[in-house]
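Secondary and tertiary structure notes
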Amino acid sequence: MPVIAVIGAQWGDEGKGKVVDLLAEKAGVVARFSGGDNAGHTVINPYGEFRLHLIPSGIFYPYTVAIIGNGVVINPAVLLDEIAQLNQCGVNTTRLFISDRAHLIMPYHILLDRLEEESRAGKAIGTTGKGIGPAFADKAARLGIRIGDLLDKETFLERLRFILDYKNTILTKIYGASPLSLDEVYAQYCQYGERLAARIRETDIMLEEALNRDELVILEGAQGTLLDPDFGTYPYTTSSSPLASSGCLGAGISPTRISRILGVFKAYCTRVGSGPLPTELKDETGDLIRERGHEYGTTTGRPRRCGWFDTVVARLSTRINGFTGAAITRLDVLNALPRLKICVGYRLNGKSVDYFPSNITTLEKCQPIYEELEGWQAPISDIRQYEQLPAQARQYIARLEELISCPVNIISVGARREQTIIKTPVI
Ligand code: IMP
């Protein structure tokens, strides 16, 4: 059985949750490998409508094991809330496990996320405010606390005392904020540890065992390729890598195990937060896409910036991730538009370029070069066979396939699980 990585190919919010929910039916394990509760995966299935931030979308199937991998940063309060909400709706969460190596989001991370953003003033990144950046920074600086540390209260206290002392100095001396109480943070996190203890495992070993049993494993990405700190629009990025290669590191499996990499693209582009979006539509077409697509952040509720599909971005994403196939989501959102544009290159200083510049100052000077296609102006959400899509919709998909050199496996024509067209099977 293959390992399939499901990766966001643009700026996040591509609809990975729905795609994973769909594929997870046959999976033994679904593992999240990066990000934290900055992610928001909307899943609509027979149990109801859910907005998952940390728990992998595979949780809804009775035999699928859901893993939060070592590459994820965990806010335990959010995780416990999410577990409770799922349980209330009748979803069995006993097969949810967390890597003992996953780092914790601590109260000072959330405070510092806000304070650092405020101090950036006009240059704010527009983070989700969940403490993600400060938590990953501490991981790299070897000042992190891992969820497994909560299982040994004495060692945890010693480490927390040392780190909190340092963080309180920053909070009070640099930002003029109030210090956090060691006793309160310790008591709160010990309680989280007790409630989560049964789920904390060496999940990399669980994955190895699942692979040895020849089970299908899905690596569930969070955020999108253009938010990657190396290949995205740095510094307007997130703090962990959403790339396929990060799937190995963040779940603890060898790169040789991954056999399929599915890139999830929206049929257009969106971005939430600051930073370049070359095909952004600051007009009524952009507003129409936002309203028809309900393009408001799952985690923060912020309106998403909308733009045309950008194949310069898509080619970068396909190359760097090595997509073996693509899922195109929200095709139905384009139903009302008489003409559609696809960005096929950029004009930079009077010349056309077909690559995505690494430098945002250069990127901001890039003007999209568009190709226009006819819209289909018909409802498509009830269509389940590719051949039944209007000719213009098939032309749109075929042109995207051609421009990004990647076959389309899945087309999503609505939010519900069944509103899906399998053009060619993923496995
Ligand atoms: P952070 O990850 O909260 O630090 O935010 C950094 C940037 O990534 C901001 O522009 C966020 O809006 C963006 N971001 C983080 N997570 C997501 C996501 O799941 N979808 C879309 N944008 C995201």
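Structure: above.
First, a word on scope: everything that follows refers to the structure included in this document. (Residues numbered from 1 in each chain as written. Predicted model: local features only at pLDDT ≥ 70, side-chain atom pairs only at ≥ 80, totals over all residues. Heavy atoms only, no water.)

**Points about the packing of aromatic side chains**
Counted according to the given criterion, the structure contains eight aromatic pairs. Summarising the aromatic geometry, the rings of F265 and F323 are spaced 5.8 Å apart at their centres and angled 80 degrees between planes, so their arrangement reads as edge-to-face. One end of the pair, F265, is in strand β11 (residues 258-266); the other, F323, is in the loop between α10 (311-321) and β15 (325-329), and 58 residues separate them in sequence. Summarising the aromatic geometry, the rings of Y346 and F356 are spaced 6.4 Å apart at their centres and angled 55 degrees between planes, so their arrangement reads as tilted. Of this pair, Y346 sits in strand β16 (residues 339-348) while F356 sits in the loop between β17 (351-353) and α11 (360-365), and the two are ten residues apart along the sequence. Assessed through its relative accessible area of 0%, Y346 is described here as buried. Pairwise contacts between aromatic rings join Y47, F50 and F60 into one cluster. Lying over the aromatic face of Y386, K423 brings its terminal NZ or CZ to 5.0 Å of the ring centre. (Phe/Tyr/Trp six-rings, centres within 6.5 Å; stacked < 30°, edge-to-face > 60°. Helix = DSSP H or I, 4+ residues; strand = E, 2+ residues; numbered from the N terminus. Buried < 20%, exposed > 50% of the residue type's maximum accessible area, 1.4 Å probe, protein only. Lys NZ or Arg CZ within 6 Å of the ring centre and 35° of its normal.)

**Quick look at unusual backbone geometry**
The omega angle of the peptide bond from Y234 to P235 is 5 degrees, so this bond is cis rather than trans. By secondary structure assignment, the location of P235 is in the loop between β10 (216-220) and α8 (244-251). Positive phi, normally seen in glycine, also occurs at S405, with a value near 50 degrees. When its relative accessible area of 61% is taken as the criterion, S405 is described as exposed.

**Things to note about the pattern of salt bridges**
Per the stated rule, a full pass over the model turns up 21 salt bridges. Residue R290 is joined to D287 by a salt bridge in which the shortest nitrogen-to-oxygen separation is 3.0 Å. Remark: D287 and R290 occur in helix α9 (residues 284-292); sequence separation between them is three residues, near one turn of the helix. Owing to a relative accessible area of 14%, R290 belongs among the buried residues under this scheme. Because the salt bridges share partners, they merge into one network encompassing D13, K266, E295, R304 and R330. (Salt bridge = Lys/Arg side-chain N within 4 Å of Asp/Glu carboxyl O.)

**Re the pairing of strand β5 (residues 65-68)**
A two-sided burial pattern is seen for β5, the buried positions comprising V65 and I67 on one face and A66 and I68 on the other. In this structure, strand β2 (residues 27-32) lies alongside β5, joined through four bridges in parallel fashion. The residue of β5 that forms the bridge with R32 is I68. Here β5 pairs with strand β7 (residues 96-99) via three bridges, running parallel. (Pairing = 2+ DSSP bridges.)

**Regarding the site of the ligand**
The ligand sits among 15 residues. The nearest are D13, N38, T128, T238 and R302. Note that a nitrogen atom of the ligand is positioned 3.0 Å from one of the side-chain N or O atoms of D13. In this structure, R302 approaches the ligand through a side-chain N or O atom, which is 3.0 Å from an oxygen atom. Contact with the protein chains covers 97% of the free accessible surface of the ligand, which is 470 Å². For the shell around the ligand, the class distribution of residues is five nonpolar, eight polar and two charged. (Near = heavy atom within 4 Å. Polar contact = N/O pair within 3.5 Å; in protein donor to acceptor, adjacent residues only side chain to side chain. Areas by Shrake-Rupley, 256 points an atom, 1.4 Å probe, with all protein chains shown as cover. Nonpolar A, V, L, I, M, F, W, Y, C, P; charged D, E, K, R; others polar.)

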